[in-house]
Amino acid sequence: MSKIKVYGISGCTTVKRSKEFLEKNNADFDYLHFHKVEDLGSEIKFWFEKAGKDKVLNQAGRNYKQLDENLRKSMQADDDVAIREMVQLPQLIKRPMAVKGDLVLTGFKEEQWNELI
């Protein structure tokens, strides 16, 4: 059975809740801060393939809404542009991200995360 990887940003309360859930359920997982992922672009591309860009790109967040409208349109139209911007500003990524094999979950919903454990 593959190990769960949880990706996020320190200080995010949703990331904290997801880690507490996994710990409470004795799940085997590694936590990786977005800024410390060696090839974040490749990870994001995999997440797009498995979960879809609309679920991975945090369009509801303040950082996304503050982007220039033309850049937001470019990110919607071109995955490479979206990935480049998300690598430069990981706050554009929905948090937390959870990966176990080919299963990729965005955000924290306990009923979905039960699939991981």
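Reference entry: report on the structure contained in this document. Along every chain, residues carry numbers that run from 1 in the direction the sequence is written. Reporting in this predicted model follows two pLDDT cut-offs: at least 70 for local features of residues, and 80 or more for side-chain atom pairs to be given and counted; totals over whole chains, interfaces and linings ignore these cut-offs and use all residues. Working from all heavy atoms in the structure, the side-chain values ignore hydrogens and water.

1. Focus: the packing of aromatic side chains
A ring pair, where both rings are aromatic, is described by two values, the distance of the centres and the angle of the planes. What counts as a ring pair is set by centres within 6.5 Å for rings of Phe, Tyr and Trp (its six-membered ring), and what kind of pair is set by the plane angle: stacked under 30 degrees, edge-to-face over 60, tilted for all other angles. Tallying each qualifying case throughout the model produces four aromatic pairs. Aromatic side chains phenylalanine 108 and tryptophan 113 sit 5.1 Å apart centroid to centroid with 80° between the ring planes, which places their arrangement in the edge-to-face category. Considered together, phenylalanine 108 and tryptophan 113 belong to a single accessibility category, that of buried residues. Through successive ring pairs, a cluster of aromatic residues spans Tyr7, Phe34 and Trp47. When the NZ atom of lysine or the CZ atom of arginine is within 6 Å of a ring's centre and also within 35 degrees of its normal, the charge is said to sit over that ring. For lysine 19, the ring lying beneath its charged end belongs to tyrosine 31, and the centroid distance is 4.0 Å. Seen from the ring of tyrosine 64, arginine 72 lies directly overhead, with NZ or CZ sitting 5.9 Å from the centre. Buried residues are those whose accessible area, probed at 1.4 Å on protein chains only, stays under 20% of the maximum for their type, while exposed residues exceed 50% and partly exposed ones sit between those limits.

2. A closer look at the pattern of salt bridges
Put simply, a salt bridge is a Lys or Arg side-chain nitrogen that is within 4 Å of an Asp or Glu carboxyl oxygen. Applying the stated criterion across every chain yields a total of six salt bridges. Between lysine 3 and aspartate 28 there is a salt bridge, and its shortest N-O distance comes to 3.5 Å. Separated by 25 residues along the polypeptide, lysine 3 in the segment before strand S1 (4–8) and aspartate 28 in the loop between helix H1 (13–24) and strand S2 (29–33) bring together distant segments of the chain. Residue class for lysine 3 comes out partly exposed when judged on its relative accessible area of 36%. One salt bridge connects glutamate 69 with lysine 73, and the closest N-O pair in it is separated by 3.4 Å. In this pair, glutamate 69 and lysine 73 are both assigned in helix H5 (residues 69–77), four residues apart and thus about one turn of the helix distant. Look at the salt bridges and you will find they share partners, linking Lys3, Asp28 and Asp30 into a network. Runs of E in the DSSP output that reach at least two residues are strands. Runs of H or I that reach at least four are helices, and both are numbered from the N terminus.

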